[in-house]
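Residues per chain are reported as follows:
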Amino acid sequence: MIAPVFGPPDKIYANGISAKGLPLGFGSAGHILGTDSIGRDELSRLAYGGRTTLEITFIANLTSIGLGAIVGVVAGFLRGAVEHVLMRITEVFLSVPTVISGLALASVLGEGVFGVIVVVTALYWAWTARVVFGETLALRKRPFVEAAVAQGVSSATIMRRHIFPHLSSLLLVIAALNGAAVVAIGAGLSYLGAGVQAPTAEWGAMVNDGQSALEYMPHEVLEPLICIVLTVLAFVLIGDGMSRRGSVSLRRSWLDI
Amino acid sequence: MARYLATRVALGILTIFLVVLLTFLLMFVVPGDPARTIAGPRATPQVLALVNANLHLNEPVLSQLGHYLAGIVHGDLGVSYVQDQPVASIIGARLPATIELGLAGLALELILGGALGVWDGLRAKRSRVLAVVNVGFLSVPAFSLAFVLLLLFGYVVAVFPIDGGTGGDRIVLPALTLGLFGMPYYANVVRDAMQESLSAPYTRTAVAKGLSRRQVLRHHVLRNALSPALTMAGLDFAILLSGVVFVETVFGWPGIGQLQTQAFYNVDRPVLMGTVVVAAVLVVIATLAIDLLRMVLDPRTRLGTR
């Protein structure tokens, strides 16, 4: 939100390139974090890039968890044929490595912020679905649910009134850990060129921009990298703090290679 | 037992089929003209029609899907739009590099993670080292870790060549990235298993029998503690084999992951689909193999057939 303070992200500064045609390094006058290879200010690009990254993370986290939670609760509560169909689909999504399918999906669903959100949702809903499914199976046997069933309350109402409220703490933990993974994969896809496209500032895409100059201008790669790592770290720490009381832990495949 | 096995195999095949179906349908909705890509922008309508007929592109969707499925059963994944070679042989050519990197990475993961887990497991309380490693390495995405290692050991202290190729010690950095990345997961699994094993009745019995600490650890505790790590390693290997996109891209390692990135840039759909299908097959086979292996090795799991 405070991004505009640091100036426009796409402005190419005349003084942004040194006399030798190289970008300015870390700590240059006027451009504290330096500039990139075409003379844009790194600090303002980082600020705007963070906006893009957090926007993607927030929405994709919400959609993937929402979809996963609904599938998990419905499959876990209704059981029977519904469970078989839904959990089979979940298995399918879990059985393909994240980045591999991410690239394939991105080539179909298109790039840009919206594309990344759709791809990330498609990749991550299944983890939530499986965790929520297990939890719902346990909740289903609790007396208050059985009482509601015996009273003849409709399934939809039971799921909404009795099951979802009990999942809220679990979903919060998932939100933090899933958020960490979403930041990483979102930036990762953009790094590969399968995510947010130029000229939109995004941390992963900035790493990609800077990698050709890695040898003489490492700040162009390091600064967005540090931002990515710190953001993921924040999510992991929140999740870690909350999950002390819970049972969900970060899974290997959440942060994929 | 046989029935359980048959169900598992059938479910595995169903999963693969669904993956193929989904990828196929997805690829089908993409706008684009493959025949134009193959034959070039100046191709005559006759040539385009010929290409379409050869690839069955003029047939209905279901019939195309049928051809693709029939091909997969015969190990045929179609022909690349860009390279004019069968997808199966393109992937096959990349396989050795990926296997090499996968094995090296897996070995490092197991060694680093296992050592840390065992060391930590011998303490009653979780050590600070593991806590730091846990949070520290979990928050570093693989491509960030790859860049840090690349900068440190490729430029700052130029120990390893980073010219993008295989052979010699070029494998060290990518493998180390994988190893460090996977380390915390293994360390945690091994640590938990160690703790469980240390307090198990059989360990108490072994101590009461008067066995030395070393013997108890080696024969009773470690044997049981390492089995969950091996289970994890099986699935991990399948994932590593299906291509480590980020690490291969950063280091320019010519494996399946890099192939996939290139296929993405070239909009080479058969290759993209092929890599996804191969990945799904590998993961399904690995999951099945691990379960079977565990049933053979650990009699306790045999009765617990879900």
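Owing to the predicted nature of the structure, the values given are computational and were not obtained by experimental measurement.

The rules behind the values
Residues numbered from 1 in each chain as written. Chains lettered and ligands numbered in written order. Predicted model: local features only at pLDDT ≥ 70, side-chain atom pairs only at ≥ 80, totals over all residues. Helix = DSSP H or I, 4+ residues; strand = E, 2+ residues; numbered from the N terminus. Buried ≥ 20, exposed ≤ 12 C-beta atoms within 10 Å, placed from the backbone. Contact = placed C-beta atoms within 7 Å. Domains from an automatic or database assignment. pLDDT = per-residue confidence, 0-100. Axes fitted to C-alpha atoms, helices over the stretch in contact; angles between N-to-C directions. Parallel < 35°, antiparallel > 145°, perpendicular 65-115°, else oblique. Nonpolar A, V, L, I, M, F, W, Y, C, P; charged D, E, K, R; others polar. Left-handed = near helix turned anticlockwise from the far one by under 90°. Core = buried A, V, L, I, M, F, W, Y, C linked by C-beta atoms within 7 Å.

### Let's talk about the overall build of chain B
Secondary structure summary: chain B contains 14 helices and zero strands in total. Here chain B holds 306 residues, and 40% of them are scored as buried. Across chain B, contacts joining residues at least 24 apart in sequence account for 71% of those joining residues at least 6 apart.

### Thoughts on the overall build of chain A
Each helix and strand counted, chain A has eight helices and zero strands in total. Counting from the amino terminus, helix and strand elements in chain A follow one another as α-α-α-α-α-α-α-α. Taking contacts inside chain A between residues at least 6 apart in sequence as the whole, the part at least 24 apart equals 69%.

### A few points about the domain arrangement of chain B
Residues and elements named next belong to chain B. Looking at chain B, the domain boundaries give domain 1 (2-87) and domain 2 (90-301). Contacts between the two partners involve 20 residues from domain 1 and, on the opposite side, 17 residues from domain 2. When residues in the side of domain 1 that touches domain 2 are grouped by element, the largest group, nine residues, is from helix α1 (residues 2-29).

### A few points about the confidence of the model for chain A
For residues with low pLDDT, the predicted coordinates do not support detailed interpretation. When pLDDT is averaged along chain A, the result is 77; 76% of the residues meet or exceed 70. Across residues 250-257 of chain A, confidence stays below pLDDT 50; counting only partners more than four residues off in sequence or on other chains, it has 25 contacts.

### Focus on the packing of helix α3 (residues 98-109) of chain A against helix α12 (residues 256-265) of chain B
Packing of α3 of chain A against α12 of chain B leaves a shortest axis separation of 10 Å and a crossing angle of 5°. Relative to α12 of chain B, the element α3 of chain A is oriented roughly parallel. Facing I100, L103 and S107 of chain A of α3 of chain A, the residues of α12 of chain B in contact are Q260, T261 and F264 of chain B. Its residues assigned to classes, the contact of α3 of chain A with α12 of chain B comprises three nonpolar, three polar and no charged.

### Section: the interface of chain B and chain A
Contacts between chain B and chain A engage 45 residues on the former and 37 residues on the latter. Secondary structure elements with two or more residues in the side of chain B that touches chain A: α1, α6 (128-138), α7 (142-156), α8 (172-198), α11 (245-251), α12 and α13 (269-297) of chain B. The element contributing the most residues to the side of chain B that touches chain A is α1 of chain B, with nine residues. Residue composition of the side of chain B that touches chain A, by class: 35 nonpolar, ten polar and no charged.

### Section: the packing of helix α9 (residues 201-208) of chain B against helix α10 (residues 213-241) of chain B
Residues and elements named next belong to chain B. Running from amino to carboxyl end, α9 crosses α10 at an angle of 160°, the nearest separation of the two axes being 10 Å. Taken together, the axes of α9 and α10 are roughly antiparallel relative to one another. Like other packed secondary-structure pairs, α9 and α10 cross with a definite hand, here right-handed. Between α9 and α10, the residues in contact are Y202, T203, A206 and V207 and V216, H220 and V221, respectively.

### Considerations on the nonpolar core
Core analysis: the largest hydrophobic core is formed by 151 residues, its most contacted members being L103 of chain A together with A146, V190 and V276 of chain B. Taken together, domain 1 (2-87) and domain 2 (90-301) of chain B each give at least three residues to this core, which thus spans both.

### Details of α12 of chain B
In terms of burial, α12 of chain B is largely enclosed, as seven of its ten residues are buried. Those residues of α12 of chain B lying buried are I256, G257, Q258, L259, Q260, A263 and F264 of chain B. At its buried positions, α12 of chain B is contacted by α3 of chain A together with α5 (87-121), α11 and α13 of chain B. Looking one or two residues past α12 of chain B, V267 of chain B carries a phi angle of roughly 50°, positive in sign.

### Some remarks on unusual backbone geometry
With a phi close to 50°, R79 of chain A is a non-glycine residue in the positive phi region. Along the polypeptide, R79 of chain A turns up in the loop between α1 (42-78) and α2 (80-94).

### A short note on the confidence of the model for chain B
Residue and element names in this part refer to chain B. Per-chain confidence: chain B averages 79 in pLDDT, with 86% of residues scoring 70 or above. Averaged over each element, pLDDT in chain B is lowest for helix α14 (residues 300-303) (62) and highest for α5 (87). Interface confidence in the predicted complex, given as ipTM, is 0.76; pTM for the same model is 0.78.

### Here we look at the environment of M206 of chain A
Looking at where M206 of chain A falls in the secondary structure, it is placed in helix α7 (residues 203-210). Separated by 161 residues in sequence, M206 of chain A and R45 of chain A place their C-alpha atoms 8.5 Å apart.

### Topic: the environment of S190 of chain A
Residues and elements named next belong to chain A. Secondary-structure assignment places S190 in helix α6 (residues 155-192). Here S190 falls in the buried class, since 30 other C-beta atoms lie within 10 Å of it. The spatial distance from the C-alpha of S190 to the C-alpha of G49 is 11 Å, given a sequence separation of 141 residues. Filtering out sequence-adjacent residues up to four positions away, S190 remains in contact with V116, G195, V196, E202, G204 and A205.

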